[in-house]
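# Architecture and fold: a report
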Amino acid sequence: MHGRPRKPLKPVDEAAVAAKAEKLRALQSEFLSNHQNKIYSKEAVELSAKLLEINPELYTAWNYRKLAVQQNLAQCESDPESVNSILDEELKVVENALRQNFKSYGAWHHRKWVLEKGHSSMDKELGLLDKFQAMDARNFHAWNYRRFVAALMKRSDEDELEHTQNMIDKNLSNYSAWHNRSVLLSNLMKKAAPGFTSKDEVLTREYELVREALFTDEDDQSGWFYHLWLLDQTVRSEFPLLVSSWPVEGSDISLPAADYLDGCASMNVFHYSSRNFPLVLYFNQSVRGVNSSTVSVSCGFNLNIDLIWKPLSSTDSQSAKVWATHLAIPDAELHSSEAYQVEVKVGFSQGIVSTTGVAYSHPSQISFQLHLQKTPLESGQDSRFGRIQWKDDCFAVYEPGSAEPDLVNLLDNLTIKNEVESTASTWQARIIDDETNIFRDLLDCKIGKLTVARLLTAYNSLRPLDKPVHCKEVLELYSELMKLDPSHYQYYKDNHSLVLLQQVTSSKESLLSRCFHYRDSTLSTNGSPLCLRLNNLAISQLGSFEKLLWVQMLDLSNNELQSIEGLEALQLLSQLCLSNNKFRSFTALESLRYLKSLKVLDISQNEIGSHSIDTTRYLFRSPLSHSVGSCDWNINYLSSETYWEAFFVLKDMGLTQLDVAGNAITSKSFNVFLEKLLPTLKWLDGVEVN
Amino acid sequence: MGELAADKHVKYILAVEKRKDNFESAVLEHLRMNGAYWGLTTLDLLGKLDAVDSNEIIEWILKCQHESGGFAGNVGHDPHILYTLSAIQVLALFDKLNVLDVDKVSTYIAGLQNEDGSFSGDIWGEVDTRFSYIAICGLSILKCLDKINVERAVNYIISCRNVDGGFGCTPGGESHAGQIFCCVAALAITGALHYVDKDLLGWWLCERQVKSGGLNGRPEKLPDVCYSWWVLSSLTMIDRVHWISKEKLIKFILNCQDTENGGISDRPDDAVDIFHTYFGVAGLSLLEYPGVKAVDPAYALPVDVVDRIFFGK
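Residues numbered from 1 in each chain as written. Chains lettered and ligands numbered in written order. Predicted model: local features only at pLDDT ≥ 70, side-chain atom pairs only at ≥ 80, totals over all residues. Heavy atoms only, no water.

Next up on the list: the overall build of chain B. Scanning chain B from N- to C-terminus turns up 14 helices and 2 strands. Here chain B has a C-alpha radius of gyration of 18 Å; the compact-globule value for 313 residues is 20 Å, and the two agree. Counting only C-alpha atoms, chain B reaches 50 × 45 × 40 Å along its principal axes. Taken across its 313 residues, chain B has 69% of its residues classed as buried. By sequence separation, contacts in chain B at least 24 residues apart represent 67% of the contacts at least 6 residues apart. When the accessible surface of chain B is summed, it comes to about 9,900 Å², and 51% of that surface belongs to carbon and sulfur atoms. Charge separation in chain B, taken as the distance between the mean sites of 28 positive and 42 negative side-chain charges, equals 3 Å. (Helix = DSSP H or I, 4+ residues; strand = E, 2+ residues; numbered from the N terminus. Rg over C-alpha atoms; globule rule 2.2 N^0.38 Å. Buried < 20%, exposed > 50% of the residue type's maximum accessible area, 1.4 Å probe, protein only. Contact = heavy atoms within 4.5 Å. Areas by Shrake-Rupley, 256 points an atom, 1.4 Å probe, with all protein chains shown as cover. Lys, Arg positive; Asp, Glu negative; His and termini not counted. Charge placed at Lys NZ, Arg CZ, Asp CG, Glu CD.)

Dropping the structure here:
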């Protein structure tokens, strides 16, 4: 099937080929008859060997031979010589078949089956393997078989590691050997085998080993992924840590009293609901076990019920990087204007564990103040906004006033200080530094630029409390890569966007310069929400969410986004603009389902309905994907129109304003469907809903 | 850029279906059930499924069923999970899943799950993540996924995940695009894609695109049209397909056509076969090539067939 040249058949050839085919069919037919009738005579068994030599993929013949062996073994159990000769014959048949096609699954499995009967010696099998690996060092069947033999004969990981070293010494361009090495090393480090306990030493050795592979042939990928793994092992934080939270430590928050509906005006730029006040915990990796036992929330007043913490994940019901809960402050408390101190204690009791099995052992405490305010609105003023328009002239640059010392303080404290990082070992920084210097010699090629960009980014990840450095250089490297390797343009673009967002969110000055008041003619500026505008940045992927948990109004219009994965962490979001991006389907907006406060959504001018292939349909639980556990889909509610994606994403939202114009999916019937689906809707595509 | 010679490919598939006198069909007789799936799905994607006699095919499929409930590659051969899935998929194409004794087939498949969550291909015990995918895909189509221990099945697949983000056939096995497709699709169907590091695997997969625009199956190997399916469907399921050049890949696939006699080969100017014809067309479908119906990347069936099964349309 593979690698045969295309050529027209000459008439003479055709006749010969037809005869050959007829002969093969006759043999196969005879064989099948023997098999059906359970005939295991010497001739019958030889026929199967003949067939397997012509066609090792004839799986039924391998099955047949196993049955024949079973019967013959049963007949001569007591005679070890006969047993050996029977099994030797099988090994010979396998070797003949492999000579014909050394990638035959059936042949390799048959050999394993024979070996499991305790036959053959380790030396013999390893010898055979050396022969095969000499013919093709990338034959994964041979490598799998090697792992099988090594396990069966209890060869040590250290010895097998040496074998990979030998293979690599013979030829650096052997991805299979590098892969096997990664498996063995992981094992040895995991069980802390002697000589493999110091991560510093092990990684330094491996960096040296793989360096040559990357430098010898700049286009050969054999060492690239191994090197990336070493980098990950160098910077990956072993410990699960809290990275950021909402509310931010030390913040001072005003909540409106119950008379005023969610998201309405108050004296400062933050509009919170007393009914639905989110608490968000953002970790450095996915964890499970966040609940009211492991996270305690204490307040001046009694919150009473056990808080239910939910992992913000589209598919995982147990773990996530981001966890949230909602406080519902009891009405009885809302008539005072005292300040209440709230303390959130994370991980003072055991139970939070990373998905890699490391227990959370760096307890954190977040304290903030709640002011409960009953502020009368200006008379004649509607407590709700008119229609939000995302035009430039609706936004005024934010000027800090006395009412909002909070924002500046908040932006100063976005990242939680974790002690373990301040005493971070220097070996990681040293390795990154050394590697960066070495790879600067390779900057004229793709892998050199990419590796330096990654190393500089890794360096920043080791120092989360400091402002990131080298951003400009990293952005330039990705821009150069976009030109150098246009096939993978979008890969570099997405990475460029992530670094750009890191840069933008890295300082309070930078964030403040992107904060705007939304001006509504029906309200004074004192009552308008604060909007973070990240529009027109040509970003194609979102990131840095841990820096954005405080955002309520977000403008991401005029970018190149096709996904909002991660946005579910922004639990305060009530107004969101995604117009003029590259969203291809409603499934790409699934994260919005987690934003319980979202009222205003603009997804106009996108590509929803223009694509026949949905690239996000499996990234969350739906009728097409069965989760471990029950599926909560109820098909009876499904509209007769085929808008299941829109239905699924929007159905429980309390949107008051929605813009969908400029998408191929929009039509009169689609808009009717939307109005039925969203009873709270006041504005659809700029038109008031009845 | 060339064009898709759809009519030629349809003719080629119909001719191969009928031809029984050449050596190739003799050698591949044992996997005719797979061949039926490849050929018929291609016809459906090109809008020509009605060119075949579905009753004749269904009759033959049922003759391949064993008393154990499993299906063989052809009449008289032994049952195996590989051909059982192809049988289910072909019946799904014809919207004739109701001819199956669902209980019997699902029991056969479920019976192949091992203690550690893995699946054997048949009673002889070969274990491979390909079979995990087959079991999960097949049982999902039959709406009998609860007959297996899904959690353990998922855990076994995770145990085959490598540090490069990819997956192998068994724990410790090297990442290979075919295995990656099987594992990613199985995780997609079980709602478990959070176990995939999309950025890491996405980079490994997008680097399968070589200078000629074709895709290989693992580093430093030759490009092959069949990876247009395995790499592309994996990228599609994890929403990273924009990391390759679609135009270059379309060009590569079109260059692998035999525009005179129909059919698509693994590489330009090689011999064509049904296997590569299917994967070439399915790849073009994922690339939204005009005139080709949309294919579902996890179930490897046309989207309208999948929607029909799960939304009853």
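Now that the structure has been shown, the text picks up again.
Turning next to the overall build of chain A. Within chain A one finds 20 helices and 18 strands. Relative to all contacts within chain A whose residues are 6 or more apart in sequence, the contacts with residues 24 or more apart total 68%. For chain A, the accessible area works out to roughly 30,500 Å², and carbon and sulfur atoms hold 49% of it.

Here we take up unusual backbone geometry. The linkage connecting Trp-246 of chain A with the following residue, Pro-247 of chain A, adopts the cis geometry, with an omega of -5°. Mapped onto the elements, Pro-247 of chain A comes out in the loop between strand S1 (242-246) and strand S2 (252-256). With a phi close to 55°, Lys-154 of chain A is a non-glycine residue in the positive phi region. The topology assignment puts Lys-154 of chain A in the loop between helix H7 (140-152) and helix H8 (157-170). The backbone of Asp-269 of chain B shows a phi angle near 70°, a positive value even though the residue is not glycine. Take Asp-269 of chain B: it is sitting in the loop between strand S1 (264-265) and strand S2 (272-273).

This part covers helix H9 (residues 177-189) of chain B. Residue and element names in this part refer to chain B. The terminal C-alpha atoms of H9 lie 18 Å apart, and with 13 residues this matches the ideal 18 Å at 1.5 Å per residue to within 8%. Taken across its 13 residues, H9 has 13 buried, putting it largely inside the fold. Positioned one or two residues after H9, Gly-191 has a phi angle of 65°, which is positive. (Expected span 1.5 Å × (residues − 1).)

To continue, consider the interface of chain B and chain A. Quite often, the size of an interface is put as the accessible area lost when its parts meet. Facing the 100 residues of chain B at the interface are 86 residues of chain A. Summing both partners gives a buried area of about 7,900 Å² for chain B against chain A, and 55% of it is carried by carbon and sulfur. Ranking the residues of chain B by area buried against chain A places Trp-124, Trp-203 and Phe-311 of chain B at the top, with a combined share of 11%. For the interface between chain B and chain A, the tally reads 8 salt bridges. (Buried area = accessible area lost by both parts, 1.4 Å probe. Salt bridge = Lys/Arg side-chain N within 4 Å of Asp/Glu carboxyl O.)

Once that is clear, we can look at the UniProt feature "domain: Prenyltransferase alpha-alpha toroid" (unreviewed entry) in chain B. Per the UniProt entry, the sites bearing "domain: Prenyltransferase alpha-alpha toroid" (unreviewed entry) are residues 4-300 of chain B in this numbering. Within the segment residues 4-300 of chain B, helix and strand shares are 48% and 1% respectively, and the terminal C-alpha atoms sit 20 Å apart. (UniProt positions renumbered as here; feature names shortened; annotations may be inferred.)

Here we come to the environment of Thr-41 of chain B. Positionally, Thr-41 of chain B belongs in helix H3 (residues 32-45). With 266 residues separating them along the chain, Thr-41 of chain B and Asp-307 of chain B place their C-alpha atoms 15 Å apart.

Counting 278 residues, the largest nonpolar core has Trp-550 of chain A together with Tyr-133 of chain B as the members making the most contacts within it. Looking at which element gives the most residues to this core, the answer is H9 of chain B, with 11 residues. The contact partners of Tyr-133 of chain B, leaving out residues within four places of it in the chain, are Leu-85, Phe-181, Cys-182, Ala-185, Ala-186, Ile-189, Ala-298, Tyr-299 and Ala-300 of chain B. (Core = buried A, V, L, I, M, F, W, Y, C linked by side-chain atoms within 4.5 Å.)

This brings us to the sheet that holds strand S16 (residues 657-659) of chain A. All names here are of chain A. The sheet built from 9 strands is open, its strands ordered S10-S11-S12-S13-S14-S15-S16-S17-S18 with mixed pairing. Only two strands of the sheet have a single partner each, and these edge strands are strand S10 (395-397) and strand S18 (687-688). Direction of pairing for strand S17 (residues 683-684) relative to S18: antiparallel, over a ladder of 2 bridges. Bridge pairing links Leu-684 to Val-687 in S18. (Pairing = 2+ DSSP bridges.)

This part is about the packing of aromatic side chains. Think of a pair of aromatic rings as described by two things: how far the centres are apart, and how the planes are tilted against each other in angle. This structure, assessed with the given rule, holds 40 aromatic pairs over all chains. Where Phe-31 of chain A meets Tyr-64 of chain A, the ring centres are 5.2 Å apart and the plane angle is 85°; that geometry is what we call edge-to-face. Of this pair, Phe-31 of chain A sits in helix H1 (residues 11-36) while Tyr-64 of chain A sits in helix H3 (residues 59-75); the two residues are 33 residues apart in sequence, bridging distant segments of the chain. Take Phe-31 of chain A and Tyr-64 of chain A: they sit in the same class, and that class is buried. With a centroid separation of 5.3 Å and 45° between ring planes, the pair formed by Tyr-299 of chain B and Phe-310 of chain B is classed as tilted. Placement of the pair is Tyr-299 of chain B in the loop between helix H13 (274-286) and helix H14 (303-311) and Phe-310 of chain B in helix H14, with a sequence separation of 11 residues. (Phe/Tyr/Trp six-rings, centres within 6.5 Å; stacked < 30°, edge-to-face > 60°.)

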